[in-house]
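Spelled out, the chains give:
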Amino acid sequence: AEYLHLYRASAATCPGLPWTVLASIGQVESGHGRNPSTSSAGAMGPMQFEPGTFERYAVDGDHNGVASIMSPADSIFTAAHYLCANGGGNGSAGLSNAIFHYNHAAWYVEMVLKLSGLYASAYS
């Protein structure tokens, strides 16, 4: 329930960005926070950011004065900001481009979009 609320609230900061895409990335990257440990590539937290990328796009989603890569709110709001900065609110082509920036693999884009469709169906 906490993550669902965060996905929806953070997507609202980027007009046109579906919350279901954030939920899909959260599922693929850490199982909605169940495994936020550091990856072999050095990505960390619930949305699996590389520290330098997180710092560049960081959002204090929980408004406690600190943007933390391990905080679900901060990580999810930062993901929305990152996707938006890469065209995530600009229709399907922009969304695909933004997801590709998140993880530079066509299979990843396809997986996230497929999961997003499943979430949209389940929560409509």
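Structure's up top.
The sections below set out a description of the structure shown in this document.

### Some remarks on the state of the cysteines
Moving on, step 1. All told, the structure shown has one disulfide when counted by the stated rule.
Moving on, step 2. Shown here is the disulfide that connects Cys14 with Cys84, its sulfur atoms set 2.2 Å apart. In this structure the cystine formed by Cys14 and Cys84 twists about its S-S bond by roughly 85°; its chirality is therefore right-handed. Here Cys14, found in the loop between α1 (2–11) and α2 (19–30), pairs with Cys84, found in helix α4 (residues 72–85); they are 70 residues apart in sequence, far enough to count as distant.
Moving on, step 3. With a relative accessible area of 1%, Cys14 lands in the buried category.

### Quick word on the nonpolar core
Moving on, step 1. Judged by nonpolar contacts, the single largest core of 32 residues is most densely connected at Tyr7, Leu22, Ile25, Met47, Phe49, Leu83 and Tyr102.
Moving on, step 2. Tallying contributions element by element places α4 first for this core, with seven residues.

### What to know about the packing of aromatic side chains
Moving on, step 1. A full pass over the atoms with the stated rule returns nine aromatic pairs.
Moving on, step 2. Each ring, one from Trp19 and one from Tyr123, has its centre 5.6 Å from the other, and the planes form 80°; the classification is edge-to-face. Highlighted residues: Trp19 in helix α2 and Tyr123 in the segment after α6 (106–122), separated in sequence by 104 residues.
Moving on, step 3. Residue classification places Trp19 among the buried positions, given a relative accessible area of 18%.
Moving on, step 4. For Tyr123, a relative accessible area of 44% corresponds to the partly exposed category.
Moving on, step 5. Aromatic side chains Tyr119 and Tyr123 sit 6.4 Å apart centroid to centroid with 45° between the ring planes, which places their arrangement in the tilted category.

### Here we look at the packing of α1 against α2
Moving on, step 1. Following both chains from N to C, one finds α1 and α2 inclined at 135°, their axes separated by 8 Å at the closest point. Considering their axes alone, α1 and α2 lie oblique with respect to each other. Note that α1 runs across α2; the crossing there is right-handed. Here α1 contributes Leu4, Tyr7, Arg8, Ser10 and Ala11 to the contact with α2, which in turn contributes Trp19, Leu22, Ala23, Gly26 and Gln27.
Moving on, step 2. Residues belonging to the contact of α1 with α2 are distributed by class as follows: six nonpolar, three polar and one charged.

### What about the packing of α1 against α4?
Moving on, step 1. Between α1 and α4, the shortest axis-to-axis distance is 9 Å and the interhelical angle comes to 35°. Viewed along their axes, α1 and α4 form a crossing whose handedness is right-handed. Here Glu2, Tyr3, Leu6, Tyr7, Ala9, Ser10 and Ala11 of α1 lie close against α4, whose contacting residues are Pro72, Ala73, Ile76, Phe77 and Ala80.
Moving on, step 2. Split into classes, the residues belonging to the contact of α1 with α4 amount to 10 nonpolar, one polar and one charged.

Quick notes on the rules
Residues numbered from 1 in each chain as written. Predicted model: local features only at pLDDT ≥ 70, side-chain atom pairs only at ≥ 80, totals over all residues. Heavy atoms only, no water. Disulfide = S-S within 2.5 Å. Helix = DSSP H or I, 4+ residues; strand = E, 2+ residues; numbered from the N terminus. Buried < 20%, exposed > 50% of the residue type's maximum accessible area, 1.4 Å probe, protein only. Core = buried A, V, L, I, M, F, W, Y, C linked by side-chain atoms within 4.5 Å. Phe/Tyr/Trp six-rings, centres within 6.5 Å; stacked < 30°, edge-to-face > 60°. Axes fitted to C-alpha atoms, helices over the stretch in contact; angles between N-to-C directions. Parallel < 35°, antiparallel > 145°, perpendicular 65-115°, else oblique. Left-handed = near helix turned anticlockwise from the far one by under 90°. Contact = heavy atoms within 4.5 Å. Nonpolar A, V, L, I, M, F, W, Y, C, P; charged D, E, K, R; others polar.

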